[in-house]
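Reading the structure
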Amino acid sequence: MKFISYNNTSFKKTKYYQKLPSAERQVFDILSSVFHFKVNTYVLEHLIDWDAVPNDPIYKLIFPRKEMLQSVDFNSLLLLYQSGLDEKTLIPFVQKVKRKMYPEVKHAETSLPKVNGERVRGMYSNFETIVSLFPDPMAKTCHSYCSYCFRWIMFNNKEAQQNSSYSDPNEPVAFLKEHPEITDVLFTGADPLVLKAKTLQKYIDPILEIDSVKVIRISSKSLAWWPYRFTTDKDADELLALFRYIQSKGKHLNLCAHFTHPRELENDVVKEAIQRIRDTGTVIRCQGPIVEGINDTPEDWSSLWNAQIALGMIPYYMFIEADHNSESCFRIPLAKALQVFQTAQKQTTGLARTVRGPVFMNDLHRTLLDGVVTINDQKYFVLKSLQAPPNMEGEGTIKLIPYSETTKNAGDLIALFSKESKTTEQVV
Ligand code: SF4
């Protein structure tokens, strides 16, 4: 299959745009001017069930939804569009709405690595033994864009890309040599596997020379969005050869595969792609967020995990979607997330118990929502800090917050796990 991608303008020229119910078309016209939109031939032809639109989960995973904007902004945009003004005239208002939507991504001071007092570009030291790397070309795009992605500010935004990424492949080397405690390096983006194998190798090679780095991780949704990356793309074989080469240097290679819905694992091409990757010795660990209206039932998750096990992959994380827009329209209540996770685990092979969740993905502490306890007739959510940034207190601690059937928000997790925060006993 030939890779053809569509943005908000070119998509309108496809037959699929005509398939949208007229109300959806209007929402698309308005929202795709504010949010990122990219889709490709495989997703359009083999993943979305067009008979089920607008309720189809993969459709919802790609197409922006009305609730992503505050209703006041959506209604203002609607009025402006209906007034017949041309798109250029609307740009200042659209930009204003966009700025309101910028997500706040928090970094601890200790997460921003420095060498000789100078900040190392494109590197984040999230936890004690791992750094995330953002080489400039990797930070730019993915094979398709997910509606819930909090990295959308990077797309088509040169300034954001330059401020948070690096271009010289040797940029991270000095820091990693000074910090032998860092054993894992995560290449992330957007999606690193959009790049040609040769470009990827240019950025990975300097890291392979650092003895203290034992694990190379690559984070990608390409198995779901474009599995041909590993089968028939021109340099698919070269990419798999790169995977072998990394391991020949004595490193463990982990592909952090992002899957959201069991349908992403159904087509023959994705099964072939997985097998080809596994044949190189690469381990595929799977993660994804639980998202309202897309994968929020126990059956979604038990099917996903069972399929991952059957295909030889390892279920790793169920995340709670980052709280990146004011309406939190992708989040489900914490109580429901917990119930979905626990019920799904009961319906799944014991081998899938490797998965941890629900876990908050967009705070400094990686925090597990571990259960509910009742103390003195009061119910509490049990939260556990699984990992904290270097030199920050709190890793391994357990905290309780009041239980609620409806809340989607655990509050400020950083404050909760800081030293000054009340202890569990005090909360109780
Ligand atoms: S593939 Fe990942 S980085 Fe790309 S849009 Fe989806 S969530 Fe965001």
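What counts, and where the lines are drawn
Along each chain, residue indices are assigned from 1 in the same order as the chain's sequence is written. Note on the predicted model: pLDDT of at least 70 is required for a residue's local features to be given, and 80 or more for side-chain atom pairs to be given and counted; whole-chain, interface and lining totals, by contrast, use all residues. The side-chain quantities take in all heavy atoms of the structure and omit both hydrogens and water. Numbered from the N terminus, helices here are DSSP runs of H or I no shorter than four residues, and strands are runs of E no shorter than two. A simple rule labels every residue: compare its accessible area, found with a 1.4 Å probe on the protein chains alone, to the largest value its type can have, and call it buried under 20%, exposed over 50%, or partly exposed in between. Pairing between strands requires that DSSP locate at least two bridges from one strand to the other. Interaxial angles span 0 to 180 degrees and are taken between N-to-C directions of axes, which are lines fitted to C-alpha atoms, for helices over the stretch in contact. Should any heavy atoms of two residues lie within 4.5 Å, those residues are considered in contact. Angular relationships are summarised with four words: roughly parallel below 35 degrees, roughly antiparallel beyond 145, roughly perpendicular across 65 to 115, and oblique for the angles in between. Residues are grouped as follows: nonpolar covers Ala, Val, Leu, Ile, Met, Phe, Trp, Tyr, Cys and Pro; charged covers Asp, Glu, Lys and Arg; every other residue, Gly included, is treated as polar. Where each domain starts and ends follows an automatic or database-derived domain assignment. Reported buried area values correspond to the accessible surface (1.4 Å probe) lost by two parts on association, with both partners' losses combined. Between Lys or Arg on one side and Asp or Glu on the other, a salt bridge is scored when a side-chain nitrogen of the former is within 4 Å of a carboxyl oxygen of the latter. Side-chain atoms alone can form a polar contact between residues adjacent in sequence; in general such a contact is a pair of N or O atoms within 3.5 Å, and within protein one must be able to donate a hydrogen while the other accepts it.

**Digging into the side chain of Ser 144**
Positionally, Ser 144 belongs in the loop between strand 6 (130–133) and helix 8 (158–163). Here Ser 144 falls in the buried class, since its relative accessible area comes to 1%.

**Digging into the sheet that holds strand 7 (residues 184–187)**
Spatially, 11 strands are ordered 5-6-7-8-9-10-11-12-13-14-15 in an open sheet, and the strand pairing comes out mixed. The outermost strands of the open sheet, each flanked by one partner alone, are strand 5 (123–127) and strand 15 (398–402). Going from strand to strand, the sheet's axes swing by 30° on average, the running direction of each strand aside. In this sheet, strand 14 (residues 378–387) lies alongside strand 13 (residues 366–375) in antiparallel orientation, the contact comprising 9 bridges. Within the sheet, the bridge partner assigned to Val 373 lies in strand 14 and is Tyr 380. This element, helix 15 (residues 334–346), spans strand 10 (283–290), strand 11 (314–320), strand 12 (356–360), strand 13 and strand 14 of the sheet and lies at about 95° to strand 13.

**Re the packing of helix 10 (residues 197–208) against helix 12 (residues 236–248)**
One way to put it is that helix 10 packs onto helix 12 with a least axis distance of 10 Å and a crossing angle of 5°. Our classification of the angle between helix 10 and helix 12 gives roughly parallel. In contact with Ala 197, Lys 198, Leu 200, Gln 201, Ile 204, Asp 205 and Leu 208 of helix 10, helix 12 contributes Glu 238, Leu 239, Leu 242, Tyr 245 and Ile 246. When the residues that make up the contact of helix 10 with helix 12 are grouped by side-chain class, the tally is 8 nonpolar, 1 polar and 3 charged.

**Considerations on unusual backbone geometry**
Cis peptide bonds are those with omega within 30 degrees of zero, and the linkage from Val 53 to Pro 54 qualifies with 10°. Tracing the chain through its elements places Pro 54 in the loop between helix 4 (41–47) and helix 5 (57–62). Look at the link from Gly 357 to Pro 358: it is a cis peptide, with omega at -15°. As for its placement among the helices and strands, Pro 358 is situated in strand 12. With a phi angle near 65°, Asp 377 is a residue other than glycine that sits in the positive phi range.

**Some words on the domain arrangement of the protein**
What the domain assignment reports for the protein is domain 1 (5–101) and domain 2 (109–357). The distance between the C-alpha centroids of domain 1 and domain 2 comes to 26 Å. Counting residues at the interface gives 28 residues for domain 1, matched by 31 residues for domain 2. Roughly 2,600 Å² is buried in total at the junction of domain 1 and domain 2, and carbon and sulfur atoms are behind 59% of that figure. Area buried by domain 1 at its contact with domain 2 is led by His 36, Tyr 42 and Leu 61, which between them contribute 30% of it. Inspection of the domain 1/domain 2 interface yields 2 salt bridges. Of the charged contacts, one joins Glu 292 and Arg 65 as a salt bridge, the two residues approaching to 3.0 Å between their closest N and O atoms. Summed over the shared surface of domain 1 and domain 2, the number is 15 residue pairs in polar contact (both at pLDDT 80 or more). Elements with a contribution of two residues or more to the side of domain 1 that touches domain 2: strand 2 (39–40), helix 4, helix 5 and helix 7 (87–101). Here the residues of the side of domain 1 that touches domain 2 sort into 16 nonpolar, 5 polar and 7 charged.

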